[in-house]
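Chains, contacts and geometry: an overview
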Amino acid sequence: MDSSLREPCPVADSSPPVFRLTLNAGAYPLERTYPLADSFEVFRTGWEAHRASAELGRVWENLPPAADLEFRYAFSPGARIYLRMGLKRDISAWHDDPAGENWPLSDKEVDLNQPVAGYFHAENGWGAVTVGRFPVHWSPSEEYGLALSRSVPYHNGVMIAARMKRMRYLFLVSSLNPWLEGMPDSTDTLSTNYRVGSEEWQQRHYPGSLNDNAHLRVYDERIKTLITHRLEFPWDSGVFGITELSVVGGKTPDLRDLNPFGLWHNEFRDGFTSMAVSLDAKTRLPFGFSTFGELFLDDLRFGETESSSTPTILGWMLGLEHRWMCGFCLLSQSFHAIHTDDLMYRYLQPYNTLTSRFLLASNNQKDGANPFVDKYVVDYPLGYARGGGAMDWRYAARLTAGKTRATLHLDYLTFDGASLEIPFAALSDGSADKSPYQTEEWRVSLTGDRDLPWGLKVHAGAGWQWLLFPARNPRGPYSHGQCAFGLSWTFPR
């Protein structure tokens, strides 16, 4: 697919069925992390919201639904509407099940957070436009990205792509969830007496230098908007891209913010905007090889506007791909090295973080449960799912042989402890104790599937995780292995 038309999912053929139903039953426990979540906010005694990691949230998002219904309708060869929703198991029910079964066993275990996609898409020779709920992936890597990637399950917004003779242009506006932690210390719904240190309090109390730059202006409207631009310059054997991200928080974006042609400028809009820039490139090499890289520069300023103390917040990704065709078999391999600084995607003001917050409503509660957890909060970084503080090495090999597909993953992952539980200020000034959160991990998994007659497909997999905790942690290192198996049926095929 032309990269200027990323992402919504392409239609596989010119005349697909209007409806497609897929049923799946199986056990899918691979890549779960423990615990499920930590306490995030106490609403009142015995009633809480918990926060799960973005990586675990992404694993659950990829869990095959028990029933998946897709609707496609083509108004013309270049215009269509697409809807997708499913019957899926609640994240807590799936995580608590040792087998990781995907089928809800009661009405309380049904996932309430549907649908996962619904958009209108139109394209022609000049480009494309997409409106609704859809995934976005702007990266030279098909698997990972630092600026915008499938780390975020979907965006609610509008995307425009334009083709030009030697350039492609993309523009995305996405509405992000403005929920902040922190209930007022009053039963009055109009009260702004928020607990000191809570996210609601942080949004209204800027630290000294930022307060000076913002000239005591406070932006606290409950709205958070992502505005991004991208230019791509293709050549015969590759492409070079520049992406600018801007998160406008605490105020309704105006035309200065939404100007689709106001590229790479800085109007010093302190107090309500954070910006970052990503540079990436990919090129094909002889013998089926390709190489790519991405450099992410987070334009975060917490000192004086011209201060030499402005931190350098970087992330980088380097990768190599190879494709080899042997008879009827296709072997594709990829290697990624990914580094992210501690402060990547974070910001002093909660509404200006480069993250998309998902609130997963849950009914999976036992009678008399204490605490009663009805919401799971997942903060997805816009780019790399593991967020800041990571140094990861990832290898993948995919084999396709007729109706059989197999994938091997081998990952060595390290995290230096820049946890979301640590306040931003403590990370930025170096006073934080990161050691309780530091990890070193090996992961290996082998998964595959095979098409069977009558629309059936069998899925199988096995994986092993070896996680090292710091010596001060009483749990010490541990390792565990898991297996997965499932059977699905799709109609019509």
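Report on the accompanying structure.

Scoring rules and cut-offs
Every chain is numbered on its own, with residues counted from 1 as its sequence reads. Since the coordinates come from a predicted model, pLDDT governs what is reported: local features require at least 70, and pairs of side-chain atoms require 80 or more to be given and counted, while whole-chain, interface and lining totals use all residues. Values reported for side chains reflect all heavy atoms of the structure, with hydrogen atoms and water molecules removed beforehand. Patches draw on residues past 30% relative accessible area with no salt bridge. Two like charges within 9 Å are joined, as are two nonpolar side chains (Val, Leu, Ile, Met, Phe, Trp, Tyr) within 5 Å. For every accessible area listed, the method is Shrake-Rupley and the probe measures 1.4 Å; residues are considered covered only by the protein chains on display. Should a side-chain nitrogen of Lys or Arg be within 4 Å of a carboxyl oxygen of Asp or Glu, the pair is scored as a salt bridge. Each helix is a run of H or I in the DSSP string that is no shorter than four residues. Each strand is a run of E no shorter than two, and both are numbered from the N terminus. Residue exposure (1.4 Å probe, protein chains only): buried if accessible area is under 20% of the type maximum, exposed if over 50%, otherwise partly exposed. Pairing of N or O atoms within 3.5 Å defines a polar contact, subject to two protein rules: one partner must be a possible hydrogen donor and the other a possible acceptor, and residues neighboring in sequence count only if both atoms are side-chain atoms. When checking whether two residues touch, look at their non-hydrogen atoms; a contact exists if any pair is within 4.5 Å. Two strands pair if DSSP finds at least two bridges between them. In this scheme Phe, Tyr and Trp rings, the latter by its six-membered ring, pair at centre separations within 6.5 Å, and the angle between planes marks the pair as stacked below 30 degrees, edge-to-face above 60, and tilted otherwise. Of the two site types, the cavity is a set of points on a 1 Å grid over the protein atoms alone where a 1.4 Å probe fits but cannot get out, and the pocket is an open set with protein on both sides within 12 Å along at least five of seven lines, each lined by residues with an atom within 4 Å of a point. Grid points are joined across faces, edges and corners, and a volume is the space filled by probe spheres set on the points.

**Description of a nonpolar patch on the surface**
Together, Val18, Phe19, Leu21, Leu23, Leu69, Tyr73, Phe75, Met85, Phe120, Trp489 and Phe491 make up a nonpolar patch on the protein surface, roughly 1000 Å² of accessible area in all. Contributing elements (two or more residues each) for the nonpolar patch: strand E1 (19–27), strand E4 (67–76) and strand E22 (478–491).

**With respect to unusual backbone geometry**
Of the consecutive residues Tyr34 and Pro35, the connecting peptide bond is found in the cis state with omega at -5 degrees. Take Pro35: it is sitting in the loop between E1 and strand E2 (38–44). At Phe287, a residue that is not glycine, the phi angle is positive and equals roughly 65 degrees. Tracing the sequence through the fold places Phe287 in the loop between strand E12 (273–284) and strand E13 (289–299). A relative accessible area of 74% places Phe287 in the exposed class. The phi dihedral of Tyr345 falls on the positive side, at around 75 degrees, and the residue is not glycine. Topologically, Tyr345 is positioned in the loop between strand E15 (329–340) and strand E16 (355–361).

**Topic: the side chain of Ser141**
Tracing the backbone through its elements, the reader meets Ser141 in the loop between strand E7 (127–134) and strand E8 (155–163). At 3.1 Å, the side chain of Ser141 forms a polar contact with the backbone nitrogen of Glu143. Beyond its immediate stretch of four places on either side in the chain, Ser141 contacts Phe292, Met317 and His336.

**Some points on the pattern of salt bridges**
Between side chains of opposite charge, a pair can form when the charged atoms approach closely. Under the defined criterion, the tally for this structure stands at 30 salt bridges. Residue Arg51 is joined to Asp379 by a salt bridge in which the shortest nitrogen-to-oxygen separation is 3.1 Å. Of this pair, Arg51 sits in strand E3 (residues 47–52) while Asp379 sits in strand E17 (residues 372–381); the two residues are 328 residues apart in sequence, bridging distant segments of the chain. In this structure Asp379 comes out as buried when scored by relative accessible area, which is 10%. When the shortest N-O distance is used, the salt bridge between Arg84 and Asp68 registers 3.0 Å. Linking Arg84 in strand E5 (residues 79–87) with Asp68 in strand E4, this pair joins segments that are 16 residues apart in sequence.

**Section: the pairing of E8**
Two elements, E7 and E8, share eight bridges in a ladder whose sense is antiparallel. From the neighbouring strand, Phe134 faces E8, where its bridge partner is His155. Sheet topology note: the E8/strand E9 (residues 168–176) ladder contains seven bridges and is antiparallel. If you follow Arg163 over to E9, its bridge partner there is Arg168. A loop of four residues connects E8 with E9, the two strands running antiparallel in sequence.

**Quick word on the environment of Leu87**
Relative to the helices and strands, Leu87 is located in strand E5. When its relative accessible area of 33% is taken as the criterion, Leu87 is described as partly exposed. Residues Leu87 and Pro64 lie 23 residues apart in sequence; the distance between their C-alpha atoms is 9.5 Å. Beyond its immediate stretch of four places on either side in the chain, Leu87 contacts Pro65, Ala66, Ala67, Pro104 and Val110.

**Things to note about the packing of aromatic side chains**
If you walk through the whole model with that rule in mind, you get 16 aromatic pairs. For the pair Tyr82 and Tyr119, a centre-to-centre distance of 5.4 Å together with 35 degrees between the ring planes defines the contact as tilted. With Tyr82 in strand E5 and Tyr119 in strand E6 (residues 117–123), this residue pair connects regions lying 37 residues apart in the sequence. Tyr119 carries the same exposure label as Tyr82, and that label is buried.

**Let's talk about empty space enclosed by the protein**
Summed over all chains, the structure comprises four cavities of 30 Å³ or more. Taken as a whole, the second largest cavity spans an internal volume of roughly 100 Å³.

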